[in-house]
Each structure stands twice: as C-alpha cells, then as structure tokens.
Amino acid sequence: MKAIGAKHAVFLSFLMISTYFGGITALSINDRLQLAGSAFITALHLLVLIGLWKGMEWSLSAGKYLIFLDLLFSVLWMMLGVLAQGATLFALSSLVLLLLSDPEVEGQILGRT
C-alpha cells in the first residue's frame, strides 16, 4: 500500500476544511448573514486549494494565513463549547500549518522537487 505524500495531505486537508464550511453553508440557508459568511470562507479555502494545486506562489502564504485563522477560530470554538467541531478543525489546521511551514513540502507544491 502506498502512503499519502505530504503534498497530497495538504490538498486533502484543504478539501476537507472547505467541505466542512460548505456544510455549514448548506445548513445556514435561513440565516442570510451566516450563509454569506460561510460561503465566503468556503470559497476562500477552495481558491487557495486551486492555487496550491496549480503550484502558484501566492497560495502558499495565503494558505498559511488562512490556516492560522482556522486554528485560532477552532480554539475559540472549543472555548465556547463546540468541542467536536473545534477539535477536528484544530487537528486539520495544525497538520496543514506544519506541512506548509516545511520547505520540502513547499518545494513539492511549487514543483521544485
């Protein structure tokens, strides 16, 4: 069995996070403000995912900032009592932030190695 590479783990994590926020968007159909906010966050994650997939330089720094914000919000959610969702987002965000901070993974995403 072949192990998943770090580059693909980053892609898969961004896809899972955008799917998570997409689910929040679908559940927020009656609340316009939450619908708009979660749709924006979903689109932002998908935009960074596409940028990473194509190996664009801007997507690395944007991805780091976005994932750091996800990390902060996951801690806030856990403090407010949304433990399962916050812990899941915290774990995914931590993984992606560590991987995006690695120069070797950065080189893989940009196609340098």
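By convention here, each chain's residues receive numbers from 1 onward along its written sequence. The predicted nature of this model means local features are confined to residues of pLDDT at least 70 and side-chain atom pairs, given and counted, to a pLDDT of 80 or more, with totals for whole chains, interfaces and linings taken over all residues. Side-chain metrics in this entry use all non-hydrogen atoms of the structure; hydrogen atoms and water are not considered.

**Q** What exactly am I supposed to notice about the nonpolar core here?
**A** Generally speaking, soluble globular proteins have nonpolar side chains that are buried together. Counting 22 residues, the largest nonpolar core has Val10, Phe14, Leu52, Leu100 and Ile109 as the members making the most contacts within it. For Leu52, the residues in contact, after removing those within four places along its chain, are Val10, Phe11, Phe14, Ser59, Leu60, Leu100 and Ile109. Side-chain atoms within 4.5 Å are what join buried Ala, Val, Leu, Ile, Met, Phe, Trp, Tyr and Cys residues into a set we call a nonpolar core. In this scheme, a residue with accessible area under 20% of its type's maximum is buried, one over 50% is exposed, and one in between is partly exposed, where area comes from a 1.4 Å probe on protein chains only. By definition in these notes, contact holds between two residues if any of their heavy atoms fall within 4.5 Å.

**Q** How do you make sense of the environment of Thr88 when you look at a structure like this?
**A** Counting through the fold element by element, Thr88 comes out in helix H4 (residues 83–100). According to the relative accessible area criterion, Thr88 is partly exposed, its value standing at 47%. Spatially, the C-alpha atoms of Thr88 and Ile17 are 9.5 Å apart, while their sequence positions differ by 71 residues. Definition of a polar contact: a pair of N or O atoms within 3.5 Å, with one able to donate and the other able to accept a hydrogen when the atoms are protein atoms, and with sequence-neighbouring residues admitted only if both atoms are side-chain atoms. Here Ala84 takes part through its backbone oxygen, which lies 2.8 Å from a polar atom of the side chain of Thr88. Strands here mean DSSP runs of E at least two residues long; helices mean DSSP runs of H or I at least four residues long; both are numbered from the N terminus.

**Q** Looking at this structure, how should I read the side chain of His45?
**A** With respect to the helices, strands and loops of the structure, His45 is situated in helix H2 (residues 32–53). With residues up to four places along the chain from it excluded, the contact list for His45 reads Phe14, Ile17, Ser18, Phe21, Leu66 and Asp70.

**Q** Explain the confidence of the model for the chain here, please?
**A** pLDDT expresses, on a scale from 0 to 100, how confident the predictor is about each individual residue. Considering every residue of the chain, the mean pLDDT works out to 91; 96% of them sit at 70 or more. Of all secondary-structure elements in the chain, the lowest mean pLDDT belongs to helix H5 (residues 103–110), at 90, while H2 reaches the highest, 95.

**Q** Any chance you could explain the pattern of salt bridges here in plain terms?
**A** Oppositely charged side chains can pair when the atoms bearing their charge come close. Salt bridge, as applied in this entry: a Lys or Arg side-chain nitrogen positioned within 4 Å of an Asp or Glu carboxyl oxygen. On inspection of all chains with the given rule, the structure shows 1 salt bridge. With its nearest N and O atoms 3.3 Å apart, the salt bridge here joins Lys64 to Glu106. With Lys64 in helix H3 (residues 57–79) and Glu106 in helix H5, this residue pair connects regions lying 42 residues apart in the sequence. Given the relative accessible area of 22%, Glu106 is considered partly exposed.

**Q** Teacher, can you tell me more about a nonpolar patch on the surface here?
**A** Together, Phe68, Leu69, Leu72, Phe73, Val75, Leu76, Met79, Leu80, Val82 and Phe90 line one region of the surface with nonpolar side chains, adding up to about 930 Å² of accessible area. In terms of residues, the nonpolar patch owes the most to one element, H3, which gives 7 residues. Structurally, the position occupied by Phe68 is in helix H3. In this analysis, a patch consists of residues with relative accessible area above 30% that form no salt bridge, clustered at 9 Å for like charges and at 5 Å for the nonpolar side chains Val, Leu, Ile, Met, Phe, Trp and Tyr. A 1.4 Å probe and the Shrake-Rupley method give the accessible areas. Residues count as covered only by the protein chains that appear here.

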